[in-house]
Amino acid sequence: MSPAAPPPLAGRPATLVIDGHVEAGRALLVPRGELVHGCTVVLAETLAALPADVERVDMDMGDVVFMDTAGLQFLDLLGGYSHRQSVPATATNWRGQPLRILELAGLDTTDPLHATAHRPEPRPAPPAAPAAPTTPSAASAASAPSERLHVLQEEVDQLRQAIASRPVIDQARGVLMALHACTSEEAWHILREASQLSNTKLRTVAAAVTAGAESNGPPPPAEVRTALRTALGRLGH
């Protein structure tokens with residue numbers, strides 16, 4: 001079973017394919033690519049193609065390399081399927097940047113579906129009691145989800161810009177991998193941390209790294225060089 005992804009959007013290649021098989025009532029699904037706009041369509045087609053007598057759905061997320069807020073919709077769709085069909089579902093083996101999004105969203109990074117699987121329908125709320133005075137600690141606890149959401153939105157906004165700048169960022173990652181013998185994921189973290197430390201747009205940092213690698217190319221600005229050294233030092237390179 002390997003459902004096709006939806007047609008490319010705005011000239012972009014398809015970003016997600018879900019491979020898998022069903023054995024002894026268990027569906028093992030393996031998404032490959034990115035959880036971005038259109039990923040829920042691919043998942044809906046995959047779930048619709050499962051046998052009616054499937055007894056559980058296990059999803060290995062290890063080959064998902066990128067995720068924005070559409071990934072949260074992906075999880076909502078899978079959780080809704082699990083609840084409606086009374087079929088246990090898991091989404092495990094998260095790595096890299098998608099794992100970071102789960103952390104920022106305050107979800108269980110081992111399996112974000114665990115807390116919501118087979119969630120009972122909410123009961124009618126009892127009559128509200130008179131509001132108690134709000135203490136500083138209570139106000140802080142109430143604001144925590146809002147703060148997490150704000151941080152998540154900022155992170156996703158940066159990631160959307162990264163998607164638009166993907167070619168130059170990919171080139172810069174290749175330069176860092178070649179010069180410092182780091183992995184692709186480590187190169188991404190170096191660029192992102194250098195951007196934050198130098199208060200410079202990620203695309204600008206990437207362009208400076210790429211230009212500096214060319215023959216007689218200009219070195220990155222001083223603040224970017226300093227930030228890159230710091231980021232590299234934290235990775236031990």
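The rules behind the values
Residues numbered from 1 in each chain as written. Predicted model: local features only at pLDDT ≥ 70, side-chain atom pairs only at ≥ 80, totals over all residues. Heavy atoms only, no water. Salt bridge = Lys/Arg side-chain N within 4 Å of Asp/Glu carboxyl O. Helix = DSSP H or I, 4+ residues; strand = E, 2+ residues; numbered from the N terminus. Buried < 20%, exposed > 50% of the residue type's maximum accessible area, 1.4 Å probe, protein only. Pairing = 2+ DSSP bridges. Axes fitted to C-alpha atoms, helices over the stretch in contact; angles between N-to-C directions. Left-handed = near helix turned anticlockwise from the far one by under 90°. Contact = heavy atoms within 4.5 Å. Nonpolar A, V, L, I, M, F, W, Y, C, P; charged D, E, K, R; others polar. Core = buried A, V, L, I, M, F, W, Y, C linked by side-chain atoms within 4.5 Å. Expected span 1.5 Å × (residues − 1). Arc of directions from axis to C-beta. pLDDT = per-residue confidence, 0-100. Polar contact = N/O pair within 3.5 Å; in protein donor to acceptor, adjacent residues only side chain to side chain.

J.: Would you take a moment to explain the pattern of salt bridges for this structure?
T.: It is possible for side chains bearing opposite charge to pair when their charged atoms get close. As enumerated under the stated definition, the model contains 7 salt bridges in all. For R26, the salt bridge is made with D58, and the minimal N-O distance between the two is 2.6 Å. Placement of the pair is R26 in strand β2 (residues 26-35) and D58 in strand β3 (residues 56-60), with a sequence separation of 32 residues. Classification of R26 by relative accessible area gives partly exposed; the value is 37%. Taking the relative accessible area as the measure of exposure, D58 reaches 8% and is therefore buried. Two residues, D170 and R173, come together in a salt bridge whose shortest N-O distance is 3.9 Å. Remark: R173 and D170 occur in helix α5 (residues 166-180); sequence separation between them is 3 residues, near one turn of the helix.

J.: Help me out: how do you make sense of the pairing of strand β1 (residues 16-23) in this one?
T.: Regular strands place side chains that alternate from one sheet face to the opposite one. Pairing between β1 and β2: 8 bridges, direction antiparallel. Within β2, the position partnered with G20 by the bridge is L29. Counted along the chain from β1 to the antiparallel partner β2, the turn is 2 residues long, and its residue A24 has a positive phi close to 55°.

J.: Teacher, can you tell me more about the packing of helix α6 (residues 184-198) against helix α7 (residues 202-213) here?
T.: Helix packing geometry: the angle between the two helix axes and the distance between the axes. Across the interface, α6 lies against α7 with an axial gap of 9 Å and an inter-helix angle of 115°. In the packing of α6 onto α7, the handedness of the crossing is right-handed. Side by side, α6 and α7 meet where W188, L191, R192, A194, S195 and S198 of the first sit next to L202, V205, A206 and V209 of the second. Counted by class, the contact of α6 with α7 contains 7 nonpolar, 2 polar and 1 charged residues.

J.: Any chance you could explain unusual backbone geometry here in plain terms?
T.: Most peptide bonds adopt trans geometry, and most residues besides glycine take a negative phi value. The phi angle at A24 is positive, at roughly 55°, despite the residue not being glycine. Looking at the secondary structure, you find A24 in the loop between β1 and β2.

J.: Honestly, the nonpolar core in this entry has me stumped. Any pointers?
T.: What tends to happen in soluble globular proteins is that the nonpolar side chains get buried as a cluster. Counting 29 residues, the largest nonpolar core has L35, L50, V57, M61, F74, L78 and W94 as its most contacted members. At the level of secondary structure, the elements contributing two or more residues to this core comprise β1, β2, α1 (39-48), β3, β4 (64-67), α2 (70-85), β5 (89-92) and α3 (96-104). Residue contributions to this core peak at 6 residues, all from α2. If near-sequence neighbours (up to four positions away) are discounted, W94 is found in contact with L35, M61, M67, L75, L99, L102, T109, T110 and P112. Counting residues in hydrophobic clusters, the runner-up holds 20 residues, among them I169, V175, A194 and L202.

J.: Teacher, can you tell me more about the environment of R225 here?
T.: Take R225: it is sitting in helix α8 (residues 222-235). Judged by relative accessible area, which is 34%, R225 ranks as partly exposed. When sequence neighbours within four positions are dropped, the list of residues in contact with R225 reads P219 and P220.

J.: Can you walk me through α7 in this structure?
T.: Every α-helix winds through 3.6 residues per turn, so residues three or four apart in the chain are directed the same way. Helix length check: α7, at 12 residues, gives a terminal C-alpha distance of 17 Å against a target of 16 Å (1.5 Å per residue), a fit within 8%. Restricting attention to buried positions, one finds in α7 the residues L202, V205, A206, A208, V209 and T210.

J.: Would you explain α3 in this entry?
T.: The set of residues buried in α3 consists of Q97, P98, I101, L102 and L104. All buried residues of α3 project into a common sector of 165° when viewed along the axis, lining one side. G106, located one to two residues past α3, shows a positive phi value of around 75°.

J.: I would appreciate a short explanation of the confidence of the model for the protein in the present structure.
T.: Any region with low pLDDT has predicted coordinates that should not be read closely. The predicted model of the protein averages 79 in pLDDT, with 71% of residues at 70 or higher. No element of the protein has a lower mean pLDDT than helix α4 (residues 136-164), at 57, and none a higher one than β3, at 97. Here residues 1-13 is modelled with pLDDT under 50, and outside its nearest four sequence neighbours on either side it reaches 27 contacts, counting other chains as well. The low-confidence segment residues 116-125 (pLDDT under 50) makes 7 contacts with residues lying over four places distant or belonging to another chain.

J.: So what exactly am I meant to see when it comes to the side chain of T200 here?
T.: Relative to the elements of secondary structure, T200 occurs in the loop between α6 and α7. Classification of T200 as buried rests on a relative accessible area of 15%. A polar side-chain atom of T200 sits 3.0 Å from a polar atom in the side chain of S198. When neighbours within four sequence positions are excluded, T200 is seen to be in contact with S195, V205 and V224.

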